[in-house]
Amino acid sequence: MHDLTGFQRDLLYVIAGADRPSGQTVKDEVEKYYSSEINHGRLYPNLDTLVNKELVEKGQLDRRTNYYAITESGRQRIDERREWEEQYVDF
C-alpha cells in the first residue's frame, strides 16, 4: 500500500467492502466519508490506477456502467496493511 495515495487506499477499501460496485456507487460511498463532493476527474483516474496495478478489476454491467471488483492481489495488500497497522494500533 505504500505506493498508493490515501485516496486510492480509501477507494480500494470501499471496493473491497462492496459487491461489484459501479463507479457512481464508489463515488457516493467515498463522498459520505469525506463529507465533500468528489469530481469525476479525480475519481476515475484513481480507479484506473488501481486497475493498472491489478488491485482491482474493471468490468461492464451494461453499455454505460462499469463495475469494480477487488482482486486477490488487492485483498492481499489490504491484509498486509492491516497486519502492519496492528503492530502500532491495538485497541
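The protein appears in an unreviewed UniProt entry as Transcriptional regulator from Natronobacterium gregoryi.

A. Layout of the overall build of the protein. When you go through the protein residue by residue, the secondary structure sums to four helices and two strands. Mapped from its N terminus to its C terminus, the protein presents α and β elements in the order α-α-α-β-β-α. The C-alpha atoms of the protein give a radius of gyration of 13 Å, which matches the 12 Å a tight globule of 91 residues would have. Its C-alpha atoms put the protein at 45 × 30 × 20 Å along the principal axes. Classification of the 91 residues of the protein by burial places 34% in the buried group. Residue pairs in contact within the protein that sit at least 24 positions apart in sequence constitute 50% of those at least 6 positions apart. Counting only carbon and sulfur atoms, one obtains 42% of the accessible surface of the protein, whose full area is about 6,200 Å².

B. Examining the pattern of salt bridges more closely. Inspection of every chain in the model, using the stated rule, returns six salt bridges. For the salt bridge of K53 with D3, the shortest nitrogen-to-oxygen distance reads 3.1 Å. Residue K53 is found in the loop between α3 (40-52) and β1 (56-60), and its partner D3 is found in the segment before α1 (6-16); the two are separated by 50 residues along the sequence. In this structure, R81 and E85 form a salt bridge, with 3.0 Å as the shortest nitrogen-oxygen distance.

C. Here's a closer look at the nonpolar core. One finds L11, L12, V26, L47 and L50 to be the most contacted residues of the largest nonpolar core, which totals 17 residues. Of all the secondary structure elements, the ones that give two or more residues to this core are α1, α2 (23-34), α3 and β2 (66-70). When residues of this core are assigned to their parent elements, the largest contribution, four residues, is made by α1. Other than its neighbours up to four places away in sequence, L12 contacts M1, L4, L50, L55, V56, I70, G74 and I78.

About the thresholds
Residues numbered from 1 in each chain as written. Predicted model: local features only at pLDDT ≥ 70, side-chain atom pairs only at ≥ 80, totals over all residues. Heavy atoms only, no water. Helix = DSSP H or I, 4+ residues; strand = E, 2+ residues; numbered from the N terminus. Rg over C-alpha atoms; globule rule 2.2 N^0.38 Å. Buried < 20%, exposed > 50% of the residue type's maximum accessible area, 1.4 Å probe, protein only. Contact = heavy atoms within 4.5 Å. Areas by Shrake-Rupley, 256 points an atom, 1.4 Å probe, with all protein chains shown as cover. Salt bridge = Lys/Arg side-chain N within 4 Å of Asp/Glu carboxyl O. Core = buried A, V, L, I, M, F, W, Y, C linked by side-chain atoms within 4.5 Å.

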